[in-house]
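Letter by letter, the chains look like this.
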Amino acid sequence: MLVVYGFTRLAVVVRRWFEISPEAVMEHGARVELRLLAPQEHRGSESAAQPTVVDQAFWRADLFDRLDRPAGEFSAAHLHPFFEGDEPSDRVWSTELRADPWGWLADQLSDVGALLEGAGLDPALAADDADDVRAAVPQIVATARTFGPEDRMSRDEDFRLTRDAAERVRRMVALIPELTSEDEEYLRPWLEQR
């Protein structure tokens, strides 16, 4: 499930995420990504439905816990301050993020111009959207909290919200030299989803 807050030129994509590292460490929680909306030519009449293309990612926050650690520690919370094409930068660990994840997220989203600049993009891209994004921050953060890791979901609940990412989970699993039978059983829904 994706929740997209679309503005004039920017979009904020909020979702539940699940992943597994090459070391077989499972992480889950809220993913918040800033993207650019790709302008589209008008099609059809003045009443025709128009395409909305949520395209280039330029910033991502992963408010994650590890499944092998107590819930609510945000033990795997990190950010990707820029992207190179479609690929996120390396993880950046932040003590401020881990100490107050939701307050930190609100502060970050309150200055999308600075996030664009930090990603190597023109902050003027946010000129029409900065105030609107700032006004929507409480709602965006509330949505992200519904996907957060504090109240641990069952495997099946996690899968229900992330089954669209099953192909990516299978790609992650392919990087693991050897899965335990317990890990295989936990991952079974993602591995079997087609």
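Everything quoted here is computed from the prediction, not taken from an experiment.

J.: Would you mind showing me how to read unusual backbone geometry here?
T.: Most peptide bonds are trans, and most residues other than glycine sit at a negative phi. Positioned with a positive phi, Ala24 is a non-glycine residue whose angle comes to about 65°. With respect to the secondary-structure elements, Ala24 resides in the loop between strand 2 (10-20) and strand 3 (26-38). By relative accessible area, Ala24 is classed as partly exposed at 21%. The phi dihedral of Phe74 falls on the positive side, at around 55°, and the residue is not glycine. Assignment of secondary structure puts Phe74 in the loop between strand 4 (53-66) and strand 5 (78-80).

J.: Help me understand the environment of Tyr5, please; the structure alone is not making it clear to me.
T.: Tracing the backbone through its elements, the reader meets Tyr5 in strand 1 (residues 2-6). When its relative accessible area of 13% is taken as the criterion, Tyr5 is described as buried. Distance in space between the C-alpha atoms of Tyr5 and Gln139 is 9.7 Å, their sequence separation being 134 residues. Beyond its immediate sequence surroundings of up to four residues, Tyr5 is in contact with Leu10, Ala11, Val12, Val14, Gln139, Ile140 and Thr143. Separated by 2.5 Å, the side chains of Tyr5 and Thr143 make a polar contact.

J.: How do you make sense of the packing of helix 2 (residues 101-109) against helix 4 (residues 130-146) when you look at a structure like this?
T.: Helix-helix packing is described using two parameters, namely the angle between the two axes and the distance between the axes. The N-to-C vectors of helix 2 and helix 4 enclose an angle of 150°; their axes lie 9 Å apart at closest approach. Between helix 2 and helix 4, the angle is such that the two are roughly antiparallel. The handedness of the crossing between helix 2 and helix 4 is right-handed. For the pair helix 2 and helix 4, contact is made by Trp102, Leu105, Ala106 and Leu109 and by Val133, Val137, Ile140, Val141, Ala144 and Arg145, respectively. Each residue belonging to the contact of helix 2 with helix 4 can be placed in one class, and the counts come to nine nonpolar, no polar and one charged.

J.: It is not clear to me how helix 2 should be interpreted in this structure. Could you clarify?
T.: Those residues of helix 2 that sit buried are Pro101, Trp102, Trp104, Leu105 and Leu109. End-on, the buried residues of helix 2 take up no more than an arc of 160°, which puts them together on one face. Looking at the buried positions of helix 2, the neighbouring elements they touch are strand 3, strand 4, strand 5, helix 1 (95-99), helix 3 (112-118) and helix 4.

J.: What am I meant to see in the side chain of His78 here?
T.: Note on placement: His78 falls in strand 5. A relative accessible area of 0% places His78 in the buried class. Here the side chain of His78 touches Ala76 through a polar contact of 2.7 Å, landing on its backbone oxygen. Beyond its immediate sequence surroundings of up to four residues, His78 is in contact with Ala61, Asp62, Phe64, Arg91, Val92, Trp93 and Leu97.

J.: Would you take a moment to explain the packing of aromatic side chains for this structure?
T.: Any pair of aromatic rings gets described here by the distance separating the centres and the angle formed by the planes. Within the structure shown, the criterion is met by six aromatic pairs. Between the aromatic rings of Phe18 and Trp190, the centroid separation amounts to 4.2 Å while the plane-to-plane angle is 10°, which identifies the pairing as stacked. One end of the pair, Phe18, is in strand 2; the other, Trp190, is in helix 7 (residues 181-192), with 172 residues separating them in the sequence. When sorted by exposure, Phe18 lands in the same class as Trp190, which is buried. Given the relative accessible area of 0%, Trp190 is considered buried.

The rules we used
- Residues numbered from 1 in each chain as written.
- Predicted model: local features only at pLDDT ≥ 70, side-chain atom pairs only at ≥ 80, totals over all residues.
- Heavy atoms only, no water.
- Helix = DSSP H or I, 4+ residues; strand = E, 2+ residues; numbered from the N terminus.
- Buried < 20%, exposed > 50% of the residue type's maximum accessible area, 1.4 Å probe, protein only.
- Contact = heavy atoms within 4.5 Å.
- Polar contact = N/O pair within 3.5 Å; in protein donor to acceptor, adjacent residues only side chain to side chain.
- Axes fitted to C-alpha atoms, helices over the stretch in contact; angles between N-to-C directions.
- Parallel < 35°, antiparallel > 145°, perpendicular 65-115°, else oblique.
- Left-handed = near helix turned anticlockwise from the far one by under 90°.
- Nonpolar A, V, L, I, M, F, W, Y, C, P; charged D, E, K, R; others polar.
- Arc of directions from axis to C-beta.
- Phe/Tyr/Trp six-rings, centres within 6.5 Å; stacked < 30°, edge-to-face > 60°.

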